[in-house]
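Chains, contacts and geometry: an overview
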Amino acid sequence: MKLIVAVVHNEDARGLIDVLLKHEHRATWLPQLGGLPQAVERDGSRGVEDDKVDEIVGIVRENCHSRTQTVSPIPPIMEPGEFFLPYPLEVEVGGAVVFVLPVDRFERI
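This report concerns the structure included in the present document. All values reported here derive from a predicted model rather than from experimental measurement.

1. Section: the environment of R67
Tracing the backbone shows R67 in strand β4 (residues 66–71). Accessibility expressed as a relative area gives 24% for R67, which makes it partly exposed. Here the alpha-carbon distance between R67 and E92, two residues 25 residues apart in the chain, equals 5.5 Å. In this structure the side chain of R67 is engaged in a polar contact, spanning 2.5 Å, whose partner is the backbone oxygen of H65.

Right, here's the structure in full:
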């Protein structure tokens, strides 16, 4: 038995959930706030049999893609008379980080 934890960008989460349900896989999804403004990620976890791990990781790989997004940085705390001209930044968002952990015991109550 394994526990799969996938950290997925919010834009990829709905599509990933739909595909997992279509393949009859359950998941628990928890919202998380990311480090950038408006960056929301979902943490999905699922206890699975060892032989299903590659299938689920493959589904995550097919449905979660990284992409470039333009964000405006938050201005720093400044002293009077200082100027800060925020230039938009391009950052890479999306994709997924997947952890596969061994499970000694699993109960659904």
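Back to the write-up after that little detour.
2. Section: helix α1 (residues 10–22)
Helix length check: α1, at 13 residues, gives a terminal C-alpha distance of 19 Å against a target of 18 Å (1.5 Å per residue), a fit within 8%. Where α1 is concerned, the buried positions are D12, A13, L16, I17 and L20. Taken from the residues just after α1, E24 is the one with a positive phi, measuring 60°.

3. What to know about the nonpolar core
Residues I4, A6, V8, L16, L20, V48, V53, I56, V57, I59, V60 and C64 constitute the largest nonpolar core, which totals twelve residues. Elements represented by at least two residues in this core include exactly β1 (2–9), α1 and α2 (53–63). When residues of this core are assigned to their parent elements, the largest contribution, five residues, is made by α2.

4. Side note on the pairing of β1
Burial analysis of β1 places six of its eight residues in the buried class, which makes it a mostly covered element. For β1 and strand β6 (residues 96–102), the ladder comprises seven bridges, and the chain directions are antiparallel. Paired with V5 across the bridge in β6 is F99.

5. Overview of the pattern of salt bridges
Throughout the structure, instances matching the rule amount to four salt bridges. E11 is the partner of R67 in a salt bridge, and the nearest nitrogen-oxygen pair spans 3.2 Å. Here R67 is found in strand β4, whereas its partner E11 is found in helix α1, with 56 residues between them in sequence. Measuring nitrogen to oxygen at the nearest pair gives 3.2 Å for the salt bridge that ties D18 to R14. Placement of the pair is D18 and R14 together in helix α1, with a separation of four residues, close to one helical turn. In the salt-bridge network here, residues are joined through shared partners; they are E11, D12 and R67.

6. Notes on unusual backbone geometry
In this structure, E24 takes a positive phi of about 60° despite not being glycine. Following the sequence through the fold, E24 ends up in the loop between α1 and β2 (28–33).

7. Observations regarding the packing of α1 against α2
When two helices pack together, their arrangement is given by the angle between the helix axes and the distance between those axes. At a minimum axis distance of 10 Å, the contact between α1 and α2 shows a crossing angle of 140°. As far as their axial angle goes, α2 and α1 are oblique. Crossing hand, α1 versus α2: right-handed. Contacts between α1 and α2 involve D12, G15, L16, V19 and L20 on the former and, on the latter, I56, I59, V60 and N63. Class assignment of the residues belonging to the contact of α1 with α2 gives a composition of six nonpolar, two polar and one charged.

Conventions used here
Numbers given to residues run from 1 along each chain, matching the order in which its sequence is written. Thresholds applied to this predicted model are a pLDDT of at least 70 for local features of residues and 80 or more for the giving and counting of side-chain atom pairs; totals over whole chains, interfaces and linings are not thresholded and use all residues. Neither water nor hydrogens contribute to the side-chain values; these are computed over all heavy atoms in the structure. Put simply, DSSP H or I for four residues or longer makes a helix, DSSP E for two residues or longer makes a strand, and each gets a number counted from the N terminus. Under the scheme applied here, a residue whose accessible area is under 20% of the maximum for its type counts as buried, over 50% as exposed, and between as partly exposed, the area being computed with a 1.4 Å probe on protein chains only. Any N or O atom pair separated by 3.5 Å or less is treated as a polar contact, with the protein-specific requirement of one donor-capable and one acceptor-capable atom, and with residues adjacent in sequence counted only for side-chain atom pairs. To estimate how far a helix should reach, multiply one less than its number of residues by 1.5 Å. Among buried residues, those of type Ala, Val, Leu, Ile, Met, Phe, Trp, Tyr and Cys that are joined through side-chain atoms within 4.5 Å constitute a nonpolar core. Note: two strands are recorded as paired if DSSP finds a minimum of 2 bridges between them. One speaks of a salt bridge when a side-chain nitrogen belonging to Lys or Arg is within 4 Å of a carboxyl oxygen belonging to Asp or Glu. Fitted lines through C-alpha atoms serve as axes, helices being fitted only where they are in contact, and the angles separating the N-to-C directions of these axes extend from 0 to 180 degrees. Roughly parallel refers to an angle under 35 degrees, roughly antiparallel to one over 145, roughly perpendicular to one between 65 and 115, and oblique to any angle outside these ranges. In this scheme the crossing of two helices becomes right-handed for a clockwise turn of the near helix relative to the far one and left-handed for an anticlockwise turn of less than a right angle. Any pair of residues with heavy atoms lying within 4.5 Å of one another is described as a contacting pair. Three residue categories are used. Nonpolar comprises Ala, Val, Leu, Ile, Met, Phe, Trp, Tyr, Cys and Pro, charged comprises Asp, Glu, Lys and Arg, and polar comprises the others, including Gly.

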